[in-house]
Amino acid sequence: MSTPAEVRIPPPTDHRAGLPTLGAEGTALLRLLDDTFEGWGHAAGATSMTAPPLLPTQDLARLDYYENFPHQAVVVSPLNLESVQGGSGLCQETGCFPCDALQPASLGLPSASCYGVYLSHEGRQLAADTLVTVVGWCFRKEEKYEGLRRQLGFRMREIVALGGQQHAEQHLTSFSDRITAFAAALDLPLRKEAACDPFYDKGSSKAVLQRLVPVKHEFLFEDLAIASVNTHRNFFGDRCDISLGPSGDPAFTSCVAFGLERWLSALTRRYGDWDAAADAVLRARSVL
């Protein structure tokens, strides 16, 4: 099916590749989906929070982000004013700032919304099992960008569990069932497959356990993952000093993630246009 005309997708050579624009109908559908997923979180007892769009690279490095995901990492740097005196420093031929026109990059653009959740809970002792939901802009360097399927900048809604091991595991079971039921109500064929995110040092005992018991499952429409359920065991609890109760043991964490623009891509491919996709979401919401 053709791409909805309202989505303006730049050519691959354009510096805006990976940054498509949504018009009114696409924006309305995105908000409808996000409201649906956030509502699931609230119904389960989650509180909403807003995480910053940028995180210190030093903090992300403590979470092994740049060791595990160097191919996706995007960092931000202010201009080096001493180097660009008398001009902006922008290369007119490439449209880019050269390295000597930039200060050291101390801020990173996260590839998932949940990093801000763990860092915001750093050093806390949780009184009880906790659920948090957050939506944020996320950024991933990809080998290629493709419309709403793969973007440099996109929005991700997450519902994050922090607390005991049973709480973290039950969170994923419950939301896996909810995603499956929603897809069935949408008549959207999804398949669930084990995936692998390297949250752990590849040589560690945790990495061995990860190979035996997958830590991530994706829900795919055709070949595109539009949602995932992820367990991190006590990795982030340990790294961010998040504990549960008086024992002081590191909290377990898990998260459920929805790539909002990817859902738009799947629904418009399935239904052909924005209106039909929105009607399908409204019908599915009414029967769940």
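Chains are numbered independently. Their residues run from 1 in the order of the written sequence. At least 70 in pLDDT is required for a residue's local features to be given in this predicted model, at least 80 for side-chain atom pairs to be given and counted, and no such filter applies to totals for whole chains, interfaces and linings, which use all residues. Side-chain measures here rest on the full set of heavy atoms in the structure, leaving out hydrogens and waters.

### Brief notes about the sheet that holds strand 2 (residues 55-56)
Argument step 1. Judged by pairing direction, the sheet is antiparallel, and its three strands sit side by side in the order 2-4-3 without closing on themselves. Taken across any chain shown, the strands that pair with only one partner, and hence form the sheet edges, are strand 2 and strand 3 (74-76).
Argument step 2. Here a strand pair is declared whenever DSSP counts at least two bridges between the two strands. Helix and strand assignments follow DSSP, with helices taken as H or I runs no shorter than four residues and strands as E runs no shorter than two, numbered in order from the N terminus. Across two bridges, the pairing between strand 2 and strand 4 (residues 107-109) is antiparallel. When the sheet's bridge partners are listed, proline 56 is paired in strand 4 with leucine 107.

### A closer look at the packing of helix 1 (residues 24-43) against helix 8 (residues 260-271)
Argument step 1. Every axis in this analysis is a line fitted to C-alpha atoms, fitted for helices over the stretch in contact. Angles between the N-to-C directions lie between 0 and 180 degrees. Interhelical geometry of helix 1 versus helix 8 gives an angle of 115° and a closest axis separation of 10 Å. As summarised for this structure, helix 1 and helix 8 are arranged roughly perpendicular, according to the angle between their axes. Judged by the sense of rotation from one axis to the other, the crossing of helix 1 with helix 8 is right-handed. Side by side, helix 1 and helix 8 meet where Gly26, Leu29, Leu30, Leu33, Asp34 and Phe37 of the first sit next to Leu260, Glu261, Trp263, Leu264 and Leu267 of the second.
Argument step 2. Here the nonpolar group is Ala, Val, Leu, Ile, Met, Phe, Trp, Tyr, Cys and Pro; Asp, Glu, Lys and Arg are the charged ones; every other residue, Gly included, is treated as polar. Within the contact of helix 1 with helix 8, the residues separate by chemical class into eight nonpolar, one polar and two charged. Our angle categories are set so that under 35 degrees counts as roughly parallel, over 145 as roughly antiparallel, 65 to 115 as roughly perpendicular, and the remainder as oblique. The hand of a helix crossing depends on one turn: near helix anticlockwise from the far one by less than a right angle means left-handed, and clockwise means right-handed. Any two residues having at least one pair of non-hydrogen atoms within 4.5 Å are treated as being in contact.

### Quick word on the pairing of strand 7 (residues 153-163)
Argument step 1. Burial classification: accessible surface area is computed with a 1.4 Å probe over protein chains only, and a residue below 20% of its type maximum counts as buried, one above 50% as exposed, and the rest as partly exposed. With 10 of 11 residues buried, strand 7 lies mostly within the body of the structure.
Argument step 2. Here strand 7 pairs with strand 12 (residues 252-259) via eight bridges, running antiparallel. What sits directly across from leucine 162, in strand 12, is threonine 253.

### Points about the side chain of arginine 140
Argument step 1. Looking at where arginine 140 falls in the secondary structure, it is placed in the loop between strand 6 (130-139) and strand 7.
Argument step 2. Counted charges follow a simple rule, with Lys and Arg positive, Asp and Glu negative, and His plus the chain ends left uncounted. When a carboxyl oxygen of Asp or Glu is within 4 Å of a side-chain nitrogen of Lys or Arg, the pair counts as a salt bridge. Salt bridges are absent for the buried arginine 140, whose nearest opposite-charge side chain, glutamate 142, sits at 5.4 Å.
Argument step 3. Side-chain atoms alone can form a polar contact between residues adjacent in sequence; in general such a contact is a pair of N or O atoms within 3.5 Å, and within protein one must be able to donate a hydrogen while the other accepts it. Polar side-chain contacts of arginine 140 include one of 3.1 Å to the backbone oxygen of serine 111.
Argument step 4. Excluding its chain neighbours within four sequence positions, the residues that come into contact with arginine 140 are Gln72, Val74, Ser111, Tyr145, Gln151, Leu152, Phe154 and Met156.

### Notes on the pairing of strand 9 (residues 216-221)
Argument step 1. Two elements, strand 8 (residues 191-195) and strand 9, share five bridges in a ladder whose sense is antiparallel. Residue pairing in the sheet places alanine 194 in a bridge with histidine 217 of strand 9.
Argument step 2. As paired strands, strand 9 and strand 10 (residues 224-233) are joined by six bridges and run antiparallel to one another. Bridging across to strand 10, leucine 220 finds its partner in alanine 225.
Argument step 3. The hairpin formed by strand 9 and strand 10 contains two residues between the paired strands, and glutamate 222 there has a positive phi angle of roughly 55°.

### Some details on the pattern of salt bridges
Argument step 1. By the definition in use, this model includes 13 salt bridges.
Argument step 2. Across the pair aspartate 64 and arginine 239 runs a salt bridge, and its minimum N-O distance is 3.1 Å. Of this pair, aspartate 64 sits in the loop between helix 2 (57-62) and helix 3 (65-68) while arginine 239 sits in helix 7 (residues 235-239), and the two are 175 residues apart along the sequence.
Argument step 3. When the shortest N-O distance is used, the salt bridge between arginine 270 and aspartate 187 registers 2.5 Å. Of this pair, arginine 270 sits in helix 8 while aspartate 187 sits in the loop between helix 5 (165-186) and strand 8, and the two are 83 residues apart along the sequence.
Argument step 4. Look at arginine 270 and you get partly exposed, because its relative accessible area is 27%.
Argument step 5. Since its relative accessible area comes to 46%, aspartate 187 is described here as partly exposed.

### With respect to helix 1
Argument step 1. With 20 residues, helix 1 should reach 28 Å at 1.5 Å per residue; the first-to-last C-alpha distance of 28 Å fits that figure.
Argument step 2. By the burial criterion, the buried members of helix 1 are Gly26, Leu29, Leu30, Leu32, Leu33, Asp34, Thr36, Phe37, Glu38, Trp40 and Gly41.
Argument step 3. Positive backbone phi, approximately 105°, marks glycine 45, located one or two places after helix 1. For a helix, the expected span equals 1.5 Å multiplied by the residue count minus one.

### Points about a negative patch on the surface
Argument step 1. Two joining distances apply to patches: 9 Å for like charges and 5 Å for nonpolar side chains (Val, Leu, Ile, Met, Phe, Trp, Tyr), and every residue must have over 30% relative accessible area and no salt bridge. Each accessible area is a Shrake-Rupley result for a 1.4 Å probe, and residues are judged covered by the shown protein chains and nothing else. Lys charges are placed at NZ, Arg charges at CZ, Asp charges at CG and Glu charges at CD. A contiguous patch of negative charge on the surface is contributed by Glu25, Asp273, Asp275 and Asp279.
Argument step 2. Checked against the element boundaries, aspartate 279 lands in helix 9 (residues 274-287).
Argument step 3. We classify aspartate 279 as partly exposed; its relative accessible area is 42%.

### Some thoughts on unusual backbone geometry
Argument step 1. Its identity is not glycine, yet glutamate 222 carries a phi of approximately 55°, on the positive side.
Argument step 2. If you trace the backbone, glutamate 222 turns up in the loop between strand 9 and strand 10.
Argument step 3. One non-glycine residue, arginine 233, lies in positive phi territory at about 55°.

### Side note on the packing of helix 5 against helix 9
Angle between the axes and distance between the axes: these two values describe a pair of packed helices.
Argument step 1. The geometry of helix 5 relative to helix 9 is characterised by a closest axis approach of 8 Å and an angle of 125° between their N-to-C directions. Here helix 5 is positioned oblique relative to helix 9, judged by the angle of their axes. Crossing angle aside, the handedness with which helix 5 passes helix 9 is right-handed. Here Phe182, Ala185 and Leu186 of helix 5 come into contact with helix 9, specifically with Ala280, Val281, Ala284, Arg285 and Val287.
Argument step 2. Its residues assigned to classes, the contact of helix 5 with helix 9 shows seven nonpolar, no polar and one charged.

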